[in-house]
Amino acid sequence: MIRRFMKSREVRKLLRNRLALVSLAISGLYLTVGLAVLLFGLITLDDTEVRVGMDSTPGFGREVKPEERFETCDWYLTRFERLLKRKDVDSAIAEWDTVAYRKLAIDADQLEERVDEAIEIYEELEEEEDLDERPELESRLAELETIMASFFVTPSGFDKLLYDARLCLGTDRQGRSILVRGLYSIKVAVQIGLIVSLIAVTLGSLLGCAAAFFGGWVDHLVIFLYSTLSSIPNLVLLTMLAFAFTGSSVEETLIPVYVAFCATFWIGPCRVIRGETLKLKELEYVQAATAVGFGRLRIMVKHIIPTTAHLMFVNFSLLFVGAIKGEVILSFLGLGVKKGPSWGIMISASRPEVLNGFFWQIGTATVLMFGLVLSFNILTDALQDAFDPKHAG
Amino acid sequence: MPLLQVTDLVKHFPVRGGVLNRVIANVHAVNGVSFSVARGETLGIVGESGCGKSTLGKAILRLHDATSGKIAYDGTDITSLKHRDMIPFRRRLQIIFQDPYSSLNPRMTVKAMLREAIRFHEIVPNTELDTYIKSMLAKVGLPDDAMNKFPHEFSGGQRQRLGIARALALKPEFIVADEPVSALDVSIQAQVLNLLMDLKDEFGLTLIFISHDLKVIEHFCDRVLVMYLGHIVEEIRCEDLLDEARHPYTQALLGANPINDPADRRPLAVLEGDVPSPFDPPSGCPFVSRCSIAVEKCQTMPPLEQHSDSHRLACWER
């Protein structure tokens, strides 16, 4: 079965299209990450919420100016001073989790001693103005940074790799890793995309097929349903449905999003499949099946639905992308994902950052989304070309 | 008793339109047709496109439900049998379609297609399915390895053979062949026609052979019904066709056949004009608008009168 599928004309045609192969690889990568997070907990919800550094640090590959380096030391020093004011400093050091994955390597006495040492340099530098323009102060700043680094356990090997990776795209305004949040959002997107498009295509195809095949009141009902639903602007309906769940027990889950999307997304496949079925049911092979004596249900399930498979396939991938884009918009408006990150939430949260010229968060979210949507769109196009019987050859 | 007796069969297709989607007109596809077919006989139905011959064929098999009239098969009135009661008759009555491209499910292999129908009617035990399918394919001249192929892997003629195999696999008694060769190349037409002839004898079939080609019918059938605009205008034995056909339409059809003898020259009776619209058929003789011998009386409908044992004719003038 699988071997026959892999050797079929459609698949061979798809594999000849180089652009399709690239987009297939990229989409596959996204799906793998998404499913790894979804099924194996590669990144947990907690990972996306913890502080991994100070606020709004830029990612790697950008030159850090002395002024910013000084601010980093300032940020850590403030927290160490606060730590020293605690009653039981030793246990406070052991439990220190202001920055996750970064443990303190010293005891209370050492801490006090080195903080004093650091403050000395700090005050000296604080009096100077415009650190960026004063290369002669570079050595003092480096000295301060060495002291600061000595507070922490230096990560090594795999831990170091993970530590660097978490910071490689910078942090948001709560010091959370942008990379981790961006990757976790793939899971949200893939989950919503898969569930919504599966349900919507199944529902739409069955309704469309039944409407066309049985005709009469079934057809009237389905047409009434979808023309009514499609006369309401899509986003307004989604907003309304998302609001309707406010305060209910499922508000925090993704269920409102699923319901909102499934309520409108089935219309597309329904219309297409209904039209196709109207055409197919008059074909002679369907009449031949009637002449054999098969019942109408059997004819619909065995002879009509399989012939519309390529349309379902294409609709599935269209809706997948549609659901992901819709989820981002809803989350941006604060109506979609309520718990945990999503690209929409990241973009929404980055508004004040963008004003300050900090583009790491919005950039990560949009680039990740762009990559998924673009590669999937190209793939869909290629699938349509390959599976449409009219494009033979 | 004839195997099939059709009495006053009428099939109208409603045309819906307007704001309220009401029936605004009817296409009068078949307009009160009566005839019978004896067991073992081959009846031809001839007429030009749109005269209702295919609709008639499909109505006999209940692929279209008749508007009125009666179809009796082997003594049983099957006109309004329910689906469940119809199933045994479905096996006994089969159809071969015109278009070999749309008459086979493109997503099913030959084996799956045949197996589904054979198992549905329990023609042979499951253990003998493969052998039976192979024997059926052999009967229509296809190799064993055709079993696992899809319809698009076959040529038009081969596909038509598959259509025939599908019909024959149910061991039917009665087959409606709805223009089975008109979509094929002339060279393939002869092959398929000869195949049908052989199979008819081998299986003892009763056949209704629908065609627009009088030459094919003459060659193939015992008796022919000439249809025009949903009416039978003449019914005649094929052997009498050349000498005794009297309806001007039948003569026009005969005249349209090329004669393979340059010495034999007869005047050509070429028909003028078009078939009247089946939405609004003329009230009198359906052929009146194109008839060369029409008179005043033709504004009323001529009855289909029995002229001899095997000859019925609906014309006032002949």
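1. Things to note about the overall build of chain B
Part 1 of the reasoning: When helices and strands are tallied, chain B shows nine helices and twelve strands.
Part 2 of the reasoning: Its C-alpha radius of gyration of 21 Å places chain B within 12% of the 20 Å reference for a compact globule of 318 residues.
Part 3 of the reasoning: In terms of principal-axis extent, the alpha carbons of chain B reach across some 70 × 60 × 45 Å.
Part 4 of the reasoning: Put simply, chain B has 318 residues, and 39% of those count as buried.
Part 5 of the reasoning: For chain B, restricting intrachain contacts to residue pairs at least 6 apart in sequence, the fraction spanning at least 24 positions comes to 65%.

2. Some remarks on the overall build of chain A
Part 1 of the reasoning: Summing up its helical and strand segments, chain A has 20 helices and zero strands in all.
Part 2 of the reasoning: Here the C-alpha radius of gyration of chain A, 29 Å, is well above what a compact globule of 393 residues would show, namely 21 Å.
Part 3 of the reasoning: Counting only C-alpha atoms, chain A reaches 95 × 50 × 40 Å along its principal axes.
Part 4 of the reasoning: Taking all 393 residues of chain A together, the buried fraction comes to 36%.
Part 5 of the reasoning: For chain A, contacts bridging at least 24 residues in sequence account for 74% of all contacts bridging at least 6.

3. Digging into the interface of chain B and chain A
Part 1 of the reasoning: At the junction of the two partners, chain B supplies 21 residues and chain A supplies 14 residues.
Part 2 of the reasoning: If you list the elements that add at least two residues to the side of chain B that touches chain A, you get α2 (83–92), β6 (93–96) and α3 (110–120) of chain B.
Part 3 of the reasoning: At five residues, the largest contribution of residues to the side of chain B that touches chain A is made by α2(B).
Part 4 of the reasoning: The residue makeup of the side of chain B that touches chain A, split by class, is eleven nonpolar, five polar and five charged.

4. Some points on the environment of I118(B)
All names here are of chain B.
Part 1 of the reasoning: Tracing the chain through its elements places I118 in helix α3.
Part 2 of the reasoning: Note: C-alpha distance between I118 and K171 (53 residues apart in sequence) is 9.5 Å.
Part 3 of the reasoning: Not counting residues up to four positions away in its chain, the partners in contact with I118 are I123, V124, L129, Y132 and A169.

5. With respect to helix α5 (residues 66–84) of chain A
All names here are of chain A.
Part 1 of the reasoning: Relative to the 27 Å expected for 19 residues at 1.5 Å per residue, α5 spans 27 Å between its end C-alpha atoms, a close match to the ideal helical length.
Part 2 of the reasoning: Here α5 has its buried residues at F70, Y76 and F80. Down the axis, α5 shows its buried residues gathered within 130° of arc, on one side only. In α5, those exposed residues whose orientation departs by more than 90 degrees from the buried face are E67, T78 and R82.

6. What to know about the packing of helix α12 (residues 234–244) of chain A against helix α13 (residues 255–265) of chain A
All names here are of chain A.
Part 1 of the reasoning: Viewed as axis vectors pointing N to C, α12 and α13 meet at an angle of 145°, and their least axial separation amounts to 9 Å. Viewed along their axes, α12 and α13 form a crossing whose handedness is right-handed. In this structure, α12 contributes N234, L237, L238, L241 and A242 to the contact, and α13 contributes P256, V259, A260, A263 and T264.
Part 2 of the reasoning: When its residues are assigned to classes, the contact of α12 with α13 shows eight nonpolar, two polar and no charged.

7. Topic: the environment of R114(A)
Part 1 of the reasoning: With respect to the helices, strands and loops of the structure, R114(A) is situated in helix α7 (residues 108–127).
Part 2 of the reasoning: Sequence spacing of R114(A) and E284(A) is 170 residues, and the spatial spacing of their C-alpha atoms is 89 Å.

8. Describing the pairing of strand β2 (residues 22–37) of chain B
Residues and elements named next belong to chain B.
Part 1 of the reasoning: The pairing of strand β1 (residues 4–17) with β2 spans twelve bridges and is antiparallel. Residue pairing for β2: K11 is matched across the bridge by V30.
Part 2 of the reasoning: The antiparallel hairpin formed by β1 and β2 contains four residues in its connecting segment, where G18 sits at a positive phi of about 80°.

9. Some points on the sheet that holds β6(B)
Strand pairing in a sheet relies on backbone hydrogen bonds. The paired strands run either parallel or antiparallel.
All names here are of chain B.
Part 1 of the reasoning: In space, the eight strands of this open sheet follow the order β6-β7-β8-β3-β9-β10-β12-β11, with mixed pairing throughout. The strands lining the two open edges of the sheet, one partner per strand, are β6 and β11 (305–308). Strand-to-strand twist in this sheet, taken as the mean axis angle between neighbours without regard to direction, amounts to 20°.
Part 2 of the reasoning: Sheet topology note: the strand β3 (residues 42–46)/strand β9 (residues 223–228) ladder contains four bridges and is parallel. Bridging from a neighbouring strand, I45 pairs with L225 of β9.
Part 3 of the reasoning: On the sheet, helix α9 (residues 248–255) packs against β3, β9 and β10 (231–237) and is oriented at approximately 105° with respect to β9.

10. Some words on the environment of G57(B)
All names here are of chain B.
Part 1 of the reasoning: Topologically, G57 is positioned in helix α1 (residues 53–60).
Part 2 of the reasoning: Owing to 24 C-beta atoms within 10 Å, G57 belongs among the buried residues under this scheme.
Part 3 of the reasoning: When the C-alpha positions of G57 and L137 are compared, they lie 25 Å apart, and in sequence the two are 80 residues distant.

11. Thoughts on the pairing of β11(B)
Residue and element names in this part refer to chain B.
Part 1 of the reasoning: One ladder, built from three bridges, connects β11 with strand β12 (residues 311–313); its direction is antiparallel. Bridge assignment links E305 to a residue of β12, and that residue is L313.
Part 2 of the reasoning: Counting the residues between successive antiparallel strands, the hairpin from β11 to β12 contains two residues.

12. Looking at the sheet that holds β1(B)
Part 1 of the reasoning: Read from one edge of the open sheet, four strands run β2-β1-β4-β5 (chain B), paired in antiparallel fashion. The open sheet has two edge strands, β2 and β5 (76–77) of chain B, and neither has a second partner.

13. Some remarks on unusual backbone geometry
All names here are of chain B.
Part 1 of the reasoning: Unlike most non-glycine residues, D8 shows phi in positive territory, near 45°.
Part 2 of the reasoning: When you line up the elements, D8 lands in strand β1.
Part 3 of the reasoning: In this model, D74 sits at a positive phi of 50°, which is unusual for a non-glycine residue.
Part 4 of the reasoning: Mapped onto the elements, D74 comes out in the loop between β4 (68–73) and β5.
Part 5 of the reasoning: Using a count of 16 C-beta atoms within 10 Å as the deciding quantity, one classes D74 as partly exposed.

14. Quick word on the domain arrangement of chain A
Part 1 of the reasoning: Looking at the assigned domains, one finds that chain A contains domain 1 (2–43 + 179–387) and domain 2 (61–156).
Part 2 of the reasoning: Taking only C-alpha atoms into account, the centre of domain 1 of chain A sits 50 Å from that of domain 2 of chain A.

15. Observations regarding the confidence of the model for chain B
Low pLDDT marks stretches whose predicted atomic positions should not be read closely.
Part 1 of the reasoning: Looking at chain B as a whole, the pLDDT averages 88, with 98% of positions reaching at least 70.
Part 2 of the reasoning: Model confidence for the complex is summarised by a pTM of 0.80, with the ipTM given as 0.88.

Rules and cut-offs
- Residues numbered from 1 in each chain as written.
- Chains lettered and ligands numbered in written order.
- Predicted model: local features only at pLDDT ≥ 70, side-chain atom pairs only at ≥ 80, totals over all residues.
- Helix = DSSP H or I, 4+ residues; strand = E, 2+ residues; numbered from the N terminus.
- Rg over C-alpha atoms; globule rule 2.2 N^0.38 Å.
- Buried ≥ 20, exposed ≤ 12 C-beta atoms within 10 Å, placed from the backbone.
- Contact = placed C-beta atoms within 7 Å.
- Nonpolar A, V, L, I, M, F, W, Y, C, P; charged D, E, K, R; others polar.
- Expected span 1.5 Å × (residues − 1).
- Arc of directions from axis to C-beta.
- Axes fitted to C-alpha atoms, helices over the stretch in contact; angles between N-to-C directions.
- Left-handed = near helix turned anticlockwise from the far one by under 90°.
- Pairing = 2+ DSSP bridges.
- Domains from an automatic or database assignment.
- pLDDT = per-residue confidence, 0-100.

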